[in-house]
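Coordinate analysis (summary)
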Amino acid sequence: MKTAVFPGSFDPITLGHFDIVERAVPLFDKIIIAIGQNSQKKYMFSIEQRMDFIKKTFKNFPNVEVDSFEGLTIDYCRSKDVNFILRGLRNPADFEFEKAIAQTNRTLTQDNKIETIFLLTSAGKSFISSSIVREIISFKGNYEILVPDAVRV
Ligand code: ADP
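This write-up is about the structure you can find in this document. Note that the structure is predicted; figures quoted are calculated from it, not measured. (Residues numbered from 1 in each chain as written. Predicted model: local features only at pLDDT ≥ 70, side-chain atom pairs only at ≥ 80, totals over all residues. Heavy atoms only, no water.)

**Structural notes on the site of the ligand**
Inspection of the region around the ligand gives 17 residues, with S9, F10, G88, K125 and I128 positioned closest. H17 has a polar side-chain atom sitting 3.2 Å from an oxygen atom of the ligand. At a separation of 3.0 Å, a nitrogen atom of the ligand approaches a polar side-chain atom of T121. Burial of the ligand by the surrounding chains reaches 87%, relative to a free accessible area of 550 Å². Because more than half of its atoms lie within 2 Å of the grid, the ligand is assigned to the largest pocket. Its residues assigned to classes, the shell around the ligand comprises five nonpolar, six polar and six charged. (Near = heavy atom within 4 Å. Polar contact = N/O pair within 3.5 Å; in protein donor to acceptor, adjacent residues only side chain to side chain. Areas by Shrake-Rupley, 256 points an atom, 1.4 Å probe, with all protein chains shown as cover. 1 Å grid on protein atoms, 1.4 Å probe; cavity = no way out; pocket = protein on both sides within 12 Å on 5 of 7 lines; lining within 4 Å. Sits in = over half its atoms within 2 Å of the grid points. Nonpolar A, V, L, I, M, F, W, Y, C, P; charged D, E, K, R; others polar.)

**Points about the sheet that holds strand β4 (residues 84–89)**
With parallel pairing, the five strands of this open sheet are ordered in space as β3-β2-β1-β4-β5. Either end of the sheet is taken by a strand with one partner, and the two such strands are β3 (64–70) and β5 (115–120). Along the sheet, successive strands turn relative to each other by an average axial angle of 35°, direction set aside. Bridge analysis of β4 against β5 gives six bridges, and the strand direction is parallel. Among the inter-strand pairings, G88 is bridged to a residue of β5, identified as L119. The strands touched by helix α1 (residues 15–24) are β1 (3–8), β2 (30–37), β3, β4 and β5; relative to β5, the strand with the most contacts, the crossing angle is about 115°. Each of β4 and β5 touches helix α4 (residues 92–108); the most contacted strand, β4, lies at about 170° to it. (Pairing = 2+ DSSP bridges. Helix = DSSP H or I, 4+ residues; strand = E, 2+ residues; numbered from the N terminus. Axes fitted to C-alpha atoms, helices over the stretch in contact; angles between N-to-C directions. Contact = heavy atoms within 4.5 Å.)

**Considerations on the nonpolar core**
In a soluble, globular protein the nonpolar side chains are often hidden away together inside. Formed by 29 residues in total, the largest nonpolar core has its most connected members in F6, V21, I31, I33, I54, F58 and L86. Among the elements of the structure, β1, α1, β2, α2 (47–57), β3 and α5 (130–138) are those that each provide at least two residues to this core. Discounting chain neighbours no more than four positions away, the residues touching I31 are A4, F6, V21, A24, V25, N63, V64 and E65. Membership of the second largest hydrophobic core comes to 10 residues, among which are V5, A34, V82 and I85. (Core = buried A, V, L, I, M, F, W, Y, C linked by side-chain atoms within 4.5 Å. Buried < 20%, exposed > 50% of the residue type's maximum accessible area, 1.4 Å probe, protein only.)

**Digging into α4**
When the terminal C-alpha atoms of α4 are compared, their 24 Å separation across 17 residues agrees well with the 24 Å that a helix rising 1.5 Å per residue should span. Along α4, the positions that sit buried rather than exposed are D94, E98, A102 and N105. Where α4 is buried, its residues contact α3 (73–79), β4 and β5. Its side-chain oxygen 3.2 Å from the backbone nitrogen of A93, N91 forms the N-cap of α4. (Expected span 1.5 Å × (residues − 1).)

Okay, here's the thing in structure tokens:
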């Protein structure tokens, strides 16, 4: 069974994330959207809210699951016996950042290589980021057009 973990903060999930998952669904038997929890980081939405937004968004996708984890993504993948990490690429900055992480992850998984699969952002979605959405929410702007319907504050 080909399973991919899509790790991220998803604070909150956006139409950019949705696009990546929707396009990856035909490529894998199962996708686990895994919310990484970092105790040093401040989030706008609690882990329960972020999970709830994602669960509602993908309620009609039987092969998409939602989970959360602490620690290294590769350790989480090993615990789930998963060999693929899914990530989205928006711009050259994403590429440089993701390249270092993907190569590190391959180096750290000598025994059983974990491959990172990248999907390029769709035209019209590349400018969307959770941080921009949070900024709009904090100034009471029209964030709804950038996120799935399940994300309401
Ligand atoms: P992280 O804190 O790990 O960057 P995010 O929740 O911000 O987590 O993003 C998770 C993944 O989704 C990353 O691979 C990121 O590049 C991708 N992503 C975010 N926004 C978009 C977008 N608009 N188009 C394509 N991929 C995106």
